[in-house]
Amino acid sequence: MTQSVEFLLDPVAEEAVRQEWRALNEAGLPSEVRSTPSPSHRPHLTLYAGPEISQAVDQELARRVSGLALDGQLGALTLFGPGRQGYVLVHALVPSIALLELQRDVARICAAEDDSYFAPGRWSPHVTVARRMPAAQLPAALSVLSGASGSVVGQPVTLSRCRRWDGTARREWLL
């Protein structure tokens, strides 16, 4: 399973993204709303994901992210895919130079492969809105999101809580 390093959004930005999740769900469209809610499932920005992260790497990551408060901004809706199960609908995240530098350092610390999505220069900062979105439902999703309490495009984001996610054990902890 996947191990990841993720920044959690500040409460205002998190709620703005959750509103979009709910609006899609209420319209019967794919969204990140889960039928069985989990406190660990929330909007986030993934800095790195891979098959394993050692305890020594965790310690180095904790030192690197300690005391950080980085600014960003939620950008336009965009698509990843299509994959076998449809598109992934995301908000691009407009990063600061400090965030780009941090992600580069996290990729180095975690030994990201040069051809991975997390290698320096290949990372696409984003916050996921919906997965498994069929092409035929994209127009409806965009229509719903354009009316979901206004657009969150331009929403400032402060990233100050960095967590580790262990997909095997299905647990999280703050670094």
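Computed from a prediction, not measured in an experiment: that's the story for all the values here.

Moving on to the overall build of the protein. A tally of regular secondary structure across the protein gives 4 helices and 7 strands. Helices (α) and strands (β) of the protein occur, in sequence order from the N terminus, as β-α-β-α-β-β-α-β-α-β-β. Taking 175 residues into account, the globule formula puts the C-alpha radius of gyration at 16 Å, and the protein, at 16 Å, falls close to it. Dimensions of the protein, computed from C-alpha atoms along their principal axes, come out at roughly 45 × 30 × 30 Å. Residues classed as buried in the protein amount to 45% of the 175 residues present. Considering only residue pairs separated by 6 or more positions, the protein has 77% of its internal contacts joining residues 24 or more positions apart. Summed over all atoms, the accessible surface of the protein reaches about 9200 Å², with 52% contributed by carbon and sulfur.

This paragraph deals with unusual backbone geometry. The omega torsion across Gly 81 and Pro 82 is 10 degrees, close enough to zero to call that bond cis. Its location among the elements puts Pro 82 in strand S3 (residues 70–83). One non-glycine residue, Arg 170, lies in the positive phi region at around 55 degrees. Secondary-structure assignment places Arg 170 in the loop between strand S6 (156–166) and strand S7 (171–174).

Quick look at helix H1 (residues 11–26) now. The end-to-end C-alpha separation of H1 is 22 Å, in line with the 22 Å expected for 16 residues at 1.5 Å each. Contact partners of the buried residues in H1: strand S1 (3–9), S3, strand S4 (86–95), strand S5 (126–133), helix H4 (138–147) and S6. The opening residue of H1, the one whose side-chain oxygen lies 3.1 Å from the backbone nitrogen of Val 12, is Asp 10. Following H1 by one or two positions, Gly 28 has its phi on the positive side, about 75 degrees.

If you trace the backbone, Glu 32 turns up in the loop between H1 and strand S2 (44–50). With relative accessibility at 3%, the residue Glu 32 sits in the buried group. Those residues within four positions of Glu 32 in sequence are excluded, and the remaining contacts are Trp 21, His 41, Thr 128, Val 129, Ala 130 and Arg 131.

Let's shift gears to the pairing of S1. In terms of burial, S1 is a largely internal element, 7 of the 7 residues being buried. The alternating pattern of S1 places Gln 3, Val 5, Phe 7 and Leu 9 and Ser 4, Glu 6 and Leu 8 on opposite faces, both of which are buried. Here 7 bridges tie S1 to S6, and the two strands are oriented antiparallel to one another. Of the residues in S6, the one forming a bridge with Val 5 is Arg 164.

Another point: the nonpolar core. One recurring pattern in soluble globular proteins: nonpolar side chains tend to sit buried together. By size, the foremost hydrophobic cluster in this structure holds 41 residues, and its most contacted members are Val 5, Phe 7, Leu 47 and Leu 99. With residues near it in sequence (within four places) discarded, Phe 7 still touches His 44, Leu 45, Leu 47, Leu 68, Leu 70, Leu 99, Leu 102, Leu 159, Ser 160, Arg 161 and Cys 162.

What follows covers helix H2 (residues 55–65). When we look at burial in H2, the residues that qualify are Val 57, Asp 58, Leu 61 and Val 65. Seen end-on, H2 carries its buried residues on one side only, within an arc spanning 100 degrees. Exposed residues pointing more than 90 degrees away from the buried face of H2 are listed as Gln 55, Ala 56 and Arg 63. Directly after H2, the chain includes Gly 67, whose backbone phi takes a positive value near 75 degrees.

Applying the stated criterion to the full structure yields 11 salt bridges. A salt bridge links Glu 15 to Arg 22; the shortest N-O distance between them is 2.3 Å. On the basis of relative accessibility, which here comes to 35%, the residue Glu 15 falls in the partly exposed class. Looking at Arg 22, the relative accessible area reads 35%, which means it is partly exposed. For Glu 172, the salt bridge identified is with Arg 42, shortest N-O distance 2.9 Å. Here Glu 172 is found in strand S7, whereas its partner Arg 42 is found in the loop between H1 and S2, with 130 residues between them in sequence. In the salt-bridge network here, residues are joined through shared partners; they are Glu 6, Arg 42, Arg 163 and Glu 172.

Parameters at a glance
- Residues numbered from 1 in each chain as written.
- Predicted model: local features only at pLDDT ≥ 70, side-chain atom pairs only at ≥ 80, totals over all residues.
- Heavy atoms only, no water.
- Helix = DSSP H or I, 4+ residues; strand = E, 2+ residues; numbered from the N terminus.
- Rg over C-alpha atoms; globule rule 2.2 N^0.38 Å.
- Buried < 20%, exposed > 50% of the residue type's maximum accessible area, 1.4 Å probe, protein only.
- Contact = heavy atoms within 4.5 Å.
- Areas by Shrake-Rupley, 256 points an atom, 1.4 Å probe, with all protein chains shown as cover.
- Expected span 1.5 Å × (residues − 1).
- Polar contact = N/O pair within 3.5 Å; in protein donor to acceptor, adjacent residues only side chain to side chain.
- Pairing = 2+ DSSP bridges.
- Core = buried A, V, L, I, M, F, W, Y, C linked by side-chain atoms within 4.5 Å.
- Arc of directions from axis to C-beta.
- Salt bridge = Lys/Arg side-chain N within 4 Å of Asp/Glu carboxyl O.

That is the geometry; function is a separate question.
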